[in-house]
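Read off the chains here:
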Amino acid sequence: MLQKRISEIIRNLKRVRQEDGLSISEIVNLCEKNGESVSETTVKKVFADGSEAFGFNYESTLKPLINALLKAHEETAETDMMISVAEFKAAKIKDLEAQMSRMEESYKRRIEFLKQQIEIKDDRIDKRDEMISKLIDSIIKGEG
């Protein structure tokens, strides 16, 4: 699901680049003007044919490119890009919630298992204490 959103963001980035006729070096310069750094090699990879299939990091790669291209482009592209970003973030949140739910379930199972282990140990200790008491009682009765 996240890869689908990233692919959509990359397609929008490519469309904006083509519409504005920006070169790779111009995009790198736009990123730098925004105080963000994306290497020329990475920018080339993002805008390469078929790059939609790759898993680029949103925060370190795509977000700086989005910010740079939005400043250089008209509002319609900004709207499309912001929709893509919002959808990506919503998908990421959904993914993180599912991951958190799985972790919570895993912890619950672990806690239940540990409770069972403690109960088994407590039973063994109780039986051992009972045996020791009986042994002490028999020793005391035998001495008297």
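Shown above is the structure to which this text applies.
Here is a short report on the structure shown in this document.

**Focus on a nonpolar patch on the surface**
A cluster of nonpolar side chains, namely Met103, Tyr107 and Ile111, defines an oily patch on the protein surface of about 300 Å² accessible area. You can see Met103 is positioned in helix H5 (residues 75-143). Relative accessible area serves as the criterion here: at 41%, Met103 is assigned to the partly exposed category.

**Thoughts on the side chain of Ser7**
Tracing the backbone shows Ser7 in helix H1 (residues 2-20). Among the polar contacts made by the side chain of Ser7, one reaches the main-chain carbonyl oxygen of Glu52 at a distance of 2.5 Å.

**Considering the environment of Lys14**
Inspection of the secondary structure assignment puts Lys14 in helix H1. For the pair Lys14 and Glu52, spaced 38 residues apart in the sequence, the C-alpha separation amounts to 9.9 Å. Not counting the four nearest positions on each side in its chain, Lys14 is found in contact with Val46, Phe47, Ala48, Asp49, Gly50, Ser51 and Glu52. At 2.7 Å, the side chain of Lys14 and the backbone oxygen of Ala48 are in polar contact. A polar contact of 3.0 Å, which involves the side chain of Lys14, links it to the side chain of Glu52.

**Examining a negative patch on the surface**
On the surface, Glu119, Asp122, Asp123 and Asp126 cluster together to form a negatively charged patch. Take Asp122: it is sitting in helix H5.

**A closer look at the pattern of salt bridges**
Counted according to the given criterion, the structure contains six salt bridges. With a shortest N-O distance of 3.0 Å, Glu52 and Lys14 are connected by a salt bridge. Of the two residues, Glu52 sits in the loop between helix H3 (40-46) and helix H4 (58-72) while Lys14 sits in helix H1, which places them 38 residues apart along the sequence. Note that Lys108 and Glu104 form a salt bridge whose closest N and O atoms lie 3.5 Å from each other. Taken as a pair, Lys108 and Glu104 lie in helix H5 at a separation of four residues, close to a single helical turn.

**Observations concerning the packing of aromatic side chains**
Counting across every chain of the model gives one aromatic pair. Taking 6.3 Å as the distance between ring centres and 80° as the angle between the ring planes, the aromatic pair formed by Phe54 and Phe56 counts as edge-to-face. With relative accessibility at 12%, the residue Phe56 sits in the buried group. In this structure, Arg17 is placed above the aromatic ring of Phe47, and the distance from its NZ or CZ to the ring centre is 5.3 Å.

**Examining the nonpolar core**
Counting residues in each nonpolar core, the largest one holds 28 residues, and the members touching the most others are Leu13, Phe47 and Leu62. For this core, the leading source of residues is H4, giving seven residues. If sequence neighbours within four positions are ignored, Leu13 has contacts with Val46, Phe47, Leu62, Leu65, Ile66, Leu69 and Met81.

Reading guide: rules and limits
Residue numbering note: each chain is counted from 1, following its sequence as written. Only residues with pLDDT of at least 70 get local features here, since the model is predicted, and only at 80 or more are side-chain atom pairs given and counted; chain-wide, interface and lining totals rely on the full set of residues. Only heavy atoms go into the side-chain values, all of them from the structure, while hydrogens and water stay out. Residues forming no salt bridge and having over 30% relative accessible area are the ones grouped into patches, like charges within 9 Å of each other and nonpolar side chains (Val, Leu, Ile, Met, Phe, Trp, Tyr) within 5 Å. Each accessible area is a Shrake-Rupley estimate made with a 1.4 Å probe; only the visible protein chains count as cover when residues are assessed. Throughout this description, the term salt bridge denotes a Lys or Arg side-chain nitrogen within 4 Å of a carboxyl oxygen of Asp or Glu. Helix numbering and strand numbering both begin at the N terminus, where a helix is a DSSP run of H or I of at least 4 residues and a strand a DSSP run of E of at least 2. Burial status follows relative accessibility: with a 1.4 Å probe on protein chains alone, a residue under 20% of its type maximum counts as buried, one over 50% as exposed, and anything between as partly exposed. We call two N or O atoms a polar contact when they sit within 3.5 Å, provided that within protein one can donate a hydrogen and the other can accept it, with sequence-adjacent residues counted only if both atoms are side-chain atoms. Contact definition: two residues touch when any of their heavy atoms are within 4.5 Å. None of His or the chain ends enter the tally, which takes Lys and Arg as positive and Asp and Glu as negative. We put the charge of a Lys on NZ, of an Arg on CZ, of an Asp on CG and of a Glu on CD. Within 6.5 Å between ring centres, the rings of Phe, Tyr and Trp (the latter by its six-membered ring) count as paired, and their orientation is classed by plane angle as stacked under 30 degrees, edge-to-face over 60, tilted in between. Whether a charge sits over a ring comes down to the Lys NZ or Arg CZ being within 6 Å of the ring centre and within 35 degrees of the ring normal. Only buried residues count toward a nonpolar core, which is a set of Ala, Val, Leu, Ile, Met, Phe, Trp, Tyr and Cys residues joined through side-chain atoms within 4.5 Å.

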